[in-house]
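# Remarks on the overall topology
Letter by letter, the chains look like this.
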Amino acid sequence: MKIGKETVPRSAICTSDEHSITVRGRDLCSQLIGRVSFTDYFHLLVTGREATPAATAVLDATLVAIAEHGLVPSVQASRMTLAAAPDALQGAVAAGILGCGSVILGASETAGRLFHEIDQRAAGAEGPALDTAALAVVREYRQAGRQIPGYGHPLHKARDPRVDALFRVAQQAGADLRYVAVAEAVERVLPDAVGKALKLNVSAAIPAVLLGIGFPLLALKGVPILARTAGLIAHLNEELERSIGFALSYQATRELQYDGPPPP
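In short, a report on the structure. The residue count restarts for each chain, going from 1 along the sequence in the order it is written. Totals for whole chains, interfaces and linings use all residues, but because this is a predicted model, local features are given only for residues with pLDDT of at least 70 and pairs of side-chain atoms are given and counted only at 80 or more. Just so you know, side-chain values use all the structure's heavy atoms and leave hydrogens and water out.

### Remarks on the pattern of salt bridges
Any carboxyl oxygen of Asp or Glu that lies within 4 Å of a side-chain nitrogen of Lys or Arg is treated as forming a salt bridge with it. Enumeration according to the criterion identifies 15 salt bridges in this entry. Among the salt bridges present, the one from Arg178 reaches Asp119, with a minimum N-O distance of 2.7 Å. With Arg178 in helix H9 (residues 178-194) and Asp119 in helix H6 (residues 107-122), the pair connects residues that are 59 residues apart, well separated along the chain. Residues Arg178 and Asp119 agree in their burial class; the two are buried. Here Asp164 and Arg159 are joined by a salt bridge, their closest N and O atoms 2.9 Å apart. Comment: elements are numbered from the N terminus, with helices defined as DSSP H or I runs of at least four residues and strands as E runs of at least two. Only protein chains enter the accessibility calculation, which uses a 1.4 Å probe; a residue whose area is less than 20% of its type maximum is buried, one above 50% is exposed, and one in between is partly exposed.

The following block contains the structure:
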């Protein structure tokens, strides 16, 4: 992805003067504080548009769905960092977010790119024609040695239960379900494309519903990052009250098997 370079710094997000603070054309103190939820404010900050009721419902649901995920590697890294430096909450949060990539949290962005590519290939088609476009793109991914993001889960062998919950929210809110249809088309063609039936997980459900409310493709990764930050703060607050960071590190060293060269 190439980012252009401007010679004059410009931003349409925020400005201020001696008497006021303006965010996306709204007065922060009289029009936003106490008048909009954080979910709606996040939507406004990212898109520059006020959230529709459908956008509020869908974005809020995705943030709730992905905020907490137990003692995954990012949470362990965060808690161990705080155990070693209890005065550096910000560093511990950062430690948990820095691992956002193709496996943890970042899969929502790559799944969104997959769905966008299939949608363009299908050119608005539905039914068998959509499945044909999905199969072609998935096969191209496989031939290029690329993973199919957002499908399969180590615990939830049937569909990740969060998938149907998010799809239900989107449908009830009246959101555009085009990308939900694309995501389900991928699920249908995966047995032919990869030889096994991999079911949707939450990392595919999130872009499927967010793209349907017009959330920017390039900002998709920001949603799980924002959500997981809330979960990390909860874990770090617990870590300060009941520290398990060093216990987590002891677990790793206890199971460690050295397979390097023997001592001289």
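Still to come is the rest of the account.
### Digging into the nonpolar core
As a rule of thumb, nonpolar side chains are buried together in soluble globular proteins. We define a nonpolar core as any set of buried Ala, Val, Leu, Ile, Met, Phe, Trp, Tyr and Cys residues linked to one another through side-chain atoms lying within 4.5 Å. By size, the foremost hydrophobic cluster in this structure holds 57 residues, and its most contacted members are Phe115, Ile118, Tyr151, Val186 and Leu210. Put simply, the parts of the chain that give this core at least two residues each are helix H3 (53-66), H6, helix H7 (127-143), helix H8 (161-173), H9, helix H10 (202-211) and helix H11 (222-241). The contact definition used throughout considers only heavy atoms, calling two residues in contact when any of these lie within 4.5 Å. For Tyr151, the residues in contact, after removing those within four places along its chain, are Phe115, Ala183, Val186, Glu187, Leu190, Leu198, Lys199, Leu200, Asn201 and Ala204.

### Remarks on the packing of aromatic side chains
Given two aromatic rings, their pairing is described by the distance between the two centres and the angle made by the two planes. Centres within 6.5 Å are what make two rings of Phe, Tyr or Trp a pair, Trp counting through its six-membered ring; a difference in plane orientation under 30 degrees is then read as stacked, over 60 as edge-to-face, and the rest as tilted. Enumeration according to the criterion identifies two aromatic pairs in this entry. Their ring planes at 40° and their centres at 6.1 Å tell us that Phe42 and Phe215 sit as a pair that is tilted. Of this pair, Phe42 sits in helix H2 (residues 38-47) while Phe215 is found in the loop between H10 and H11, placing the two residues 173 residues apart along the sequence. The exposure class assigned to Phe215 is buried, which follows from its relative accessible area of 2%. Think of it as a cone above the ring: NZ of Lys or CZ of Arg counts as a charge over the ring if it is within 6 Å of the ring centre and within 35 degrees of the ring normal. Residue placement shows Arg146 over the ring face of Tyr141; its charged tip is 3.9 Å from the ring centre.

None of this, on its own, says anything about what the molecule does.
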